[in-house]
Amino acid sequence: MTENLVPHRRTSRLRALPPWSLVAAGLLAGGLLGGGYGVTKSPEYTATSYVVAVPGERTDTATALGFAQAYGRVATQVAVLGDAQVWAGVPARTLRDSVRTATSPDAPMIAVSATSVRPGQAADMANAVARALIRHADAAKADTHVGLLQFSRAAKPGAPASPSATVTGLVGASAGGLLGALALLARPKRRAEEEVTRSASLPGPAVAADVHDKL
């Protein structure tokens, strides 16, 4: 009998807590988890090198724009990364995981971005891939009539691109507060259902008086 009362007492204590305690607990837990993640995770740096496609004598800007889109897609392929790893000083697998490219639908330009925990290495990887891409474009220039030129070299980033512990803590607190609010919305519904059930199971005063008179 005593063992059955223990869960009931715990449930009663939880129900006795003020409604805002769920939101506060969610904010606190989410903030601690998010802040802890930001502290333990190493900061990451991102450097970007820009390459522009230049049309030859037999081509126009629209053709150069099309080849810029194509070269942007092949920049992270094995053929390009195999040459870039020599200048970057890292394996091709590291380049494949760390380098991303982006192109514009309006300008024949390719952005080569690299991310690393070391800012100098991020710049070296971005520049190495851009250099290898330019060499591959030069090798095919006789057929494509489009070349690539270095528009802007990647510089050593001065600040990390990854969010700080403060930002991750705020994000975690927001998520925790949202979960607490959702739990709070579900809580009154359960209480209302229990009250309805109790009211239906117990006879009202008028009914009890009628029964007493009949006896």
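Starting from 1, residues in each chain are numbered consecutively following that chain's sequence as written. Given that the model is predicted, a residue must reach a pLDDT of at least 70 before its local features are reported, and side-chain atom pairs must reach 80 or more before they are shown or counted; all residues, however, enter totals for whole chains, interfaces and linings. Based on all heavy atoms of the structure, the side-chain values leave hydrogens and waters out of the count.

Put simply, DSSP marks the helices as runs of H or I at least four residues long and the strands as runs of E at least two long, and each gets a number from the N terminus on. Counting secondary structure elements, the protein chain contains nine helices and four strands. Seen in sequence order, the protein chain has helices and strands lined up from the N terminus as α-α-β-α-α-α-β-β-α-α-β-α-α. The buried share among the 215 residues of the protein chain stands at 29%. Residues are treated as being in contact if the distance between any of their heavy atoms lies within 4.5 Å. Taking as baseline every contact in the protein chain between residues at least 6 positions apart, the subset at least 24 positions apart corresponds to 79%. Calculation of accessible area relied on Shrake-Rupley with a 1.4 Å probe; when residues are assessed, cover is drawn exclusively from the protein chains displayed. About 13900 Å² of surface is accessible on the protein chain, with carbon and sulfur atoms providing 61% of the total. Burial classes: relative accessible area under 20% of the type maximum marks a residue as buried, over 50% as exposed, and values in between as partly exposed (1.4 Å probe, protein chains only).

Strands were regarded as paired on the criterion that DSSP finds at least two bridges between them. Strand order in the open sheet formed by four strands is β2-β3-β1-β4, and the pairing between neighbours is antiparallel. The open sheet has two free edges, formed respectively by β2 (99-103) and β4 (146-152), since each of these has just one partner strand. Averaged over all pairs of adjacent strands, the angle between their axes in this sheet comes to 25 degrees, without regard to strand direction. Two elements, β2 and strand β3 (residues 109-116), share five bridges in a ladder whose sense is antiparallel. If you follow Ala102 over to β3, its bridge partner there is Ala111. Along the sheet, helix α3 (residues 61-74) makes contact with β1 (45-55), β2, β3 and β4, crossing β1 at roughly 145 degrees. Axis lines are fitted to C-alpha atoms, over the contacting stretch for helices. Their N-to-C directions set the angle, which ranges from 0 to 180 degrees. The strands touched by helix α6 (residues 119-139) are β1, β2, β3 and β4; relative to β3, the strand with the most contacts, the crossing angle is about 145 degrees.

Residues belong to one nonpolar core when they are buried, are Ala, Val, Leu, Ile, Met, Phe, Trp, Tyr or Cys, and are joined through side-chain atoms within 4.5 Å. One finds Leu95, Ile110, Val129, Leu133 and Leu148 to be the most contacted residues of the largest nonpolar core, which totals 31 residues. Within the residue set of this core, elements represented by two or more residues are β1, α3, α4 (78-88), β3, α6 and β4. For this core, the leading source of residues is α6, giving 11 residues.

Now for the packing of aromatic side chains. Classification of ring pairs rests on two measures: the distance between centres of Phe, Tyr or Trp rings, Trp counted by its six-membered ring, which must be within 6.5 Å, and the angle between planes, read as stacked under 30 degrees, edge-to-face over 60 and tilted in between. One pass over the full model with this rule turns up one aromatic pair. Taking the centre distance of 6.3 Å and the plane angle of 35 degrees together, the rings of Phe67 and Tyr71 count as tilted. Separated by four residues within a single helix, Phe67 and Tyr71 lie in helix α3, roughly one turn from each other. We classify Phe67 as partly exposed; its relative accessible area is 25%.

With that settled, the discussion passes to the side chain of Ser116. Considering the arrangement of structural elements, one finds Ser116 in strand β3. Beyond its immediate sequence surroundings of up to four residues, Ser116 is in contact with Pro43, Glu44, Tyr45, Gln121, Ala122 and Met125.

Right, let's get into unusual backbone geometry. Positive phi, close to 60 degrees, is recorded for His145, a residue that is not glycine. In this fold, His145 is placed in the loop between α7 (141-144) and β4. On the accessibility criterion, His145 (25% relative accessible area) is partly exposed.

One way to put it is that α4 packs onto α6 with a least axis distance of 8 Å and a crossing angle of 130 degrees. As the angle between them shows, α4 and α6 are arranged oblique. As α4 packs across α6, the resulting crossing turns out to be right-handed. Residues Ala79, Val80, Leu81, Asp83, Ala84, Trp87 and Ala88 of α4 form the contact with α6, whose participating residues are Asp124, Met125, Ala128, Val129, Arg131, Ala132, Leu133, Arg135 and His136. Under this grouping Gly is polar, as are all residues other than the nonpolar Ala, Val, Leu, Ile, Met, Phe, Trp, Tyr, Cys and Pro and the charged Asp, Glu, Lys and Arg. The class makeup of the residues in the contact of α4 with α6 is 11 nonpolar, one polar and four charged. To sort the angles, those under 35 degrees are grouped as roughly parallel, those over 145 as roughly antiparallel, those from 65 to 115 as roughly perpendicular, and the leftovers as oblique. In this scheme the crossing of two helices becomes right-handed for a clockwise turn of the near helix relative to the far one and left-handed for an anticlockwise turn of less than a right angle.

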